[in-house]
Amino acid sequence: MTEEVVSLRPGGLRPGGGGANPFSAFSKGAGLGLRSKPVIAQALVAEVEQTPRKPPGQIVKYDREFLLKFMDRHIKAPMELQQLQLEIVISEDTERETQRQSLKESLRIHKAEEKGRVAYKVGGELGQTERALRSVKGILNKLTPEKFERLLEQLLSVITTADILRHTITLVFENAVAQPTFCAMYADLCLSLSRELPSFPPAEGDDKPVMFRRVLLNTCQDEFEGAAAAREELASISNADERAAAEKRVKSRTLGTVRLIAELYRKEVVREAIIIVCLRELLEARDNGTIPPEENIESACEMISVTGKMLAGSELKKTRDTLDGYLARLTRLSADKNLPSRMRFLIRDVLDMSKNKWVPRRETFTAKKLDEVHAEAEAELGMVSSKIGADLPALPVQSRMAAEDFSLLPPLRGGEEGWEFVGKKGAGSGFKPSFGAGGSALLGEYKPPEPLVRRAPPAAAPAPAAAAASRPAAAAPAAAAAPKAAGKPLAVEDVDSKAKSFLREYVSIGDGKEARLCLKELRDAPKAGDVPDLRGVVEAALAELFDAQSDKAAAALLELLVALIKEKLLTEAETVEGLKASTSILGDLALDVPKAPQLLGQLVGAAAAASALPLSVLPQLLEGAEGAEAKRNFAEAALKAAAAGLGGEAGVGKACAAAGIKAGELFAADEFDGDLPSVADWLKAAGFASVPL
């Protein structure tokens with residue numbers, strides 16, 4: 001069939017000219033209406049011939065029957081055809097269908113999400129394994145304790161082949177090593193997957209089925225053995241910065257691997273024998289007479305701290321004896337001065353934990369659910385848990401409240417005669433309901449609270465004659481007598497809470513008079529049998545001092561404490577006992593609060609300068625304290641603060657000699673303190689060479 005072309009461009013849109021319907025001549029060809037107008041015909045034909053023909057993909061072909069139906073329904077060309085400016089060709093049905101599909105594909109709107117799925121792989125489609133691994137990565141990135149069960153089901157539905165299983169284990173291992181805090185959660189994930197996933201057919205050349213536990217253990221073994229090879233490769237790096245960065249990466253990966261293996265043992269995914277082998281590899285010396293590398297010792301300490309409780313409670317005596325042998329090995333290493341101080345303290349922490357029934361001194365940070373986080377926050381704030389509060393009975397209505405509780409909720413009153421409802425025209429047009437004088441629509445008759453009576457400080461008893469002369473005849477006995485202390489006896493927690501309250505108020509507003517008055521009231525209040533004195537006030541003050549947010553707040557607390565000690569509002573015995581609670585653990589306290597030795601020394605030194613405390617309390621305060629470096633920092637700060645009131649270095653030396661202080665014995669370093677200067681060199685560098693040794 002011969003194709004006849006009709007152009008729908010402007011200028012060629014009305015080929016018939018005189019007909020009412022511009023498409024009436026489509027079935028007869030474009031030249032029918034132009035034969036009577038040769039000039040116009042020649043011009044249009046020339047224009048058509050000069051216009052380049054469009055490519056096949058932009059030509060739409062229609063059959064005769066479609067165009068006849070089109071002619072009956074449309075008088076004007078649709079806007080879509082005018083904008084596309086396509087050439088319309090009458091053709092057979094098969095050609096038209098092909099062209100229509102081509103046009104539909106070229107004009108289809110492509111969504112960004114569809115393009116993004118294959119953006120990283122131009123010209124290709126994702127395979128089953130790649131699509132599954134993308135899903136696995138997304139699930140692991142969203143994994144939290146809250147969403148664990150739901151995401152576990154999704155992960156189980158994705159792992160359908162052995163290849164996907166291997167890649168999934170690799171991704172889980174990488175995430176666990178990179179996020180040590182979440183190792184316990186990833187260990188739970190491995191346990192769940194090992195129980196739920198089926199075994200897959202063996203690979204070529206292998207007769208054993210592919211199982212999750214087997215692949216996981218092989219991965220752990222490869223990573224553990226590869227750590228030593230990675231450390232050996234560090235020697236080939238010549239650049240110092242690159243080598244330091246590489247050492248940091250190797251150390252982080254080794255510790256993450258060891259922690260994951262330990263957590264897997266706690267979930268019973270890994271057997272005891274594997275843990276014993278790992279510890280043997282970490283703690284054995286490479287050469288006779290040498291010590292293991294520091295990274296190995298740190299990894300062994302990490303593994304023992306996680307698995308020690310289960311190993312110590314093992315049913316096998318051989319396992320328990322092996323653990324005792326490794327602890328003895330760590331004990332010998334802790335006494336080796338060739339190890340840095342950090343490593344020796346790390347070993348001592350593990351040994352202390354073993355003696356404390358494997359209870360860590362500090363809580364280990366792990367992933368927690370939101371309910372657990374909320375419960376801990378409520379416990380710290382002393383709040384009732386929301387779950388417990390929901391089960392409590394409803395509070396009674398206000399009409400049933402006791403009479404003494406009315407002072408807590410005074411009635412809402414708008415005037416002396418109750419509430420006043422003011423109208424639009426003025427106050428005089430308002431409506432006043434009659435509830436009685438001083439009444440309330442909510443609580444009834446208003447009872448004002450009784451005024452609070454603050455206990456005055458005890459005064460000296462006057463002479464009998466003067467008292468008789470000054471006592472009026474009609475004086476009320478209740479006004480003359482001082483109120484007696486009454487109420488519930490204060491426990492240790494109550495003393496701590498009240499002390500922190502007035503100390504924080506003092507830091508906020510700086511009212512020393514109010515602080516002294518609160519301390520006097522606290523001393524006069526009845527106390528329980530476990531509260532012998534106010535040493536708890538000193539302990540609370542030191543806690544606030546360590547937590548001070550600024551140097552100004554710390555200086556204010558130090559000034560107040562010195563004043564309270566000097567004015568005997570805090571006795572010397574109370575002060576010493578309160579200070580010993582911190583100075584007796586000075587070495588450990590310095591790890592948590594690095595400024596603690598200096599702050600404690602400034603307090604003792606300032607009190608000595610103000611003649612509130614003698615320097616002879618120094619040996620008493622440092623009794624039982626460990627860590628020569630922390631003790632020296634404490635003493636140096638104390639001596640510098642005391643020098644201002646004792647006449648400089650010479651005065652401090654005389655005061656120490658009079659107090660019987662022997663610095664050579666008090667501040668001597670032991671085998672755990674590392675390379676510290678001698679006591680004489682330290683005193684000379686600090687400017688107190690006159691202090692007797």
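Conventions and cut-offs
Residues numbered from 1 in each chain as written. Predicted model: local features only at pLDDT ≥ 70, side-chain atom pairs only at ≥ 80, totals over all residues. Heavy atoms only, no water. Helix = DSSP H or I, 4+ residues; strand = E, 2+ residues; numbered from the N terminus. Buried < 20%, exposed > 50% of the residue type's maximum accessible area, 1.4 Å probe, protein only. Contact = heavy atoms within 4.5 Å. Areas by Shrake-Rupley, 256 points an atom, 1.4 Å probe, with all protein chains shown as cover. pLDDT = per-residue confidence, 0-100. Axes fitted to C-alpha atoms, helices over the stretch in contact; angles between N-to-C directions. Parallel < 35°, antiparallel > 145°, perpendicular 65-115°, else oblique. Left-handed = near helix turned anticlockwise from the far one by under 90°. Expected span 1.5 Å × (residues − 1). Polar contact = N/O pair within 3.5 Å; in protein donor to acceptor, adjacent residues only side chain to side chain. Arc of directions from axis to C-beta. Lys, Arg positive; Asp, Glu negative; His and termini not counted. Salt bridge = Lys/Arg side-chain N within 4 Å of Asp/Glu carboxyl O. Nonpolar A, V, L, I, M, F, W, Y, C, P; charged D, E, K, R; others polar.

All right, on to the overall build of the chain then. Along its length, the chain carries 31 helices and five strands. Taking all 693 residues of the chain together, 34% fall into the buried category. Taking all contacts inside the chain whose residues are at least 6 apart in sequence as the whole, residues at least 24 apart take part in 70%. Accessible surface, the chain: about 42400 Å² in total, of which carbon and sulfur atoms supply 54%.

Even without glycine at this site, Trp 358 takes up a positive phi of about 65°. Mapped onto the fold, Trp 358 is located in the loop between α15 (341–355) and α16 (370–381). The backbone of Lys 568 sits at a positive phi, close to 65°, despite the residue not being glycine. Residue placement: Lys 568 occurs in the loop between α23 (551–566) and α24 (572–583). Classification of Lys 568 as exposed rests on a relative accessible area of 58%.

A separate point is the confidence of the model for the chain. In the predicted model, the chain carries a mean pLDDT of 74, and 68% of its residues have values of at least 70. Here residues 460–485 is modelled with pLDDT under 50, and outside its nearest four sequence neighbours on either side it reaches six contacts, counting other chains as well.

Quick look at the packing of helix α14 (residues 317–334) against α15 now. α15 packs onto α14 with a crossing angle of 140° between their chain directions and a minimal axis gap of 9 Å. By the angle class used here, α14 and α15 are oblique. The element α14 and its partner α15 pack so that their crossing is left-handed. Of the residues in α15, those in contact with Leu 327, Leu 330, Thr 331, Leu 333 and Ser 334 of α14 are Arg 344, Ile 347, Val 350, Leu 351 and Ser 354.

Let's shift gears to α23. Its 16 residues place the ends of α23 22 Å apart at the C-alpha level, agreeing with the 22 Å of an ideal helix rising 1.5 Å per residue. Among the residues making up α23, those that are buried are Ala 553, Ala 554, Ala 556, Leu 557, Leu 558, Leu 560, Leu 561, Val 562, Ala 563, Leu 564 and Ile 565. Two residues or fewer past α23, Lys 568 is found with a positive phi of approximately 65°.

What follows covers the side chain of Thr 307. Positionally, Thr 307 belongs in helix α13 (residues 294–312). At 2.7 Å, the side chain of Thr 307 forms a polar contact with the backbone oxygen of Met 303.

To continue, consider the environment of Ala 638. One can find Ala 638 in helix α28 (residues 628–646). The buried category is assigned to Ala 638, whose relative accessible area is 0%. When the C-alpha positions of Ala 638 and Leu 615 are compared, they lie 8.9 Å apart, and in sequence the two are 23 residues distant. When neighbours within four sequence positions are excluded, Ala 638 is seen to be in contact with Gly 601, Gln 602 and Gly 605.

It is worth spelling out helix α21 (residues 512–524) at this point. In this model, α21 (13 residues) spans 19 Å end to end at C-alpha, consistent with the 18 Å of a helix rising 1.5 Å per residue. Three or more residues of α21 are buried, namely Gly 512, Ala 515, Cys 518, Leu 519 and Leu 522. On an axial view of α21, the arc spanned by its buried residues comes to 120°, and they lie on one face. Contact partners of the buried residues in α21: α20 (492–509), α22 (535–546) and α23. Two or three places before Lys 513, at the start of α21, stands the capping residue Asp 511, its side-chain oxygen 3.3 Å from that residue's backbone nitrogen.

Below, the discussion takes up the side chain of Arg 329. Residue placement: Arg 329 occurs in helix α14. The side chain of Arg 329 is buried and forms no salt bridge, while Asp 336, the nearest opposite charge, is found at 7.3 Å. Here Leu 283 takes part through its backbone oxygen, which lies 3.3 Å from a polar atom of the side chain of Arg 329.

The next point concerns the environment of Thr 575. The topology assignment puts Thr 575 in helix α24. Remark: the alpha-carbon pair of Thr 575 and Glu 539, spanning 36 residues in sequence, is separated by 8.8 Å.

To continue, consider the pattern of salt bridges. A side chain with one charge can pair with a side chain of the opposite charge if their charged atoms come near. This model, assessed by the stated rule, comprises 18 salt bridges. Note that Glu 263 is salt-bridged to Arg 259, the shortest N-O span being 3.9 Å. Of this pair, Glu 263 and Arg 259 both sit in helix α11 (residues 240–266), four residues apart, roughly one helical turn. For Glu 574, the salt bridge goes to Arg 523, with nearest N and O atoms at 3.0 Å.

As a further point, take the packing of helix α8 (residues 162–178) against helix α9 (residues 183–196). Packing of α8 against α9 leaves a shortest axis separation of 9 Å and a crossing angle of 160°. In terms of orientation, α8 lies roughly antiparallel with respect to α9. At the point where α8 passes α9, the crossing takes the left-handed sense. Residues Val 172, Asn 175 and Ala 176 of α8 lie in contact with α9, whose contacting residues are Cys 183, Tyr 186, Leu 189 and Cys 190. Here the residues of the contact of α8 with α9 sort into six nonpolar, one polar and no charged.

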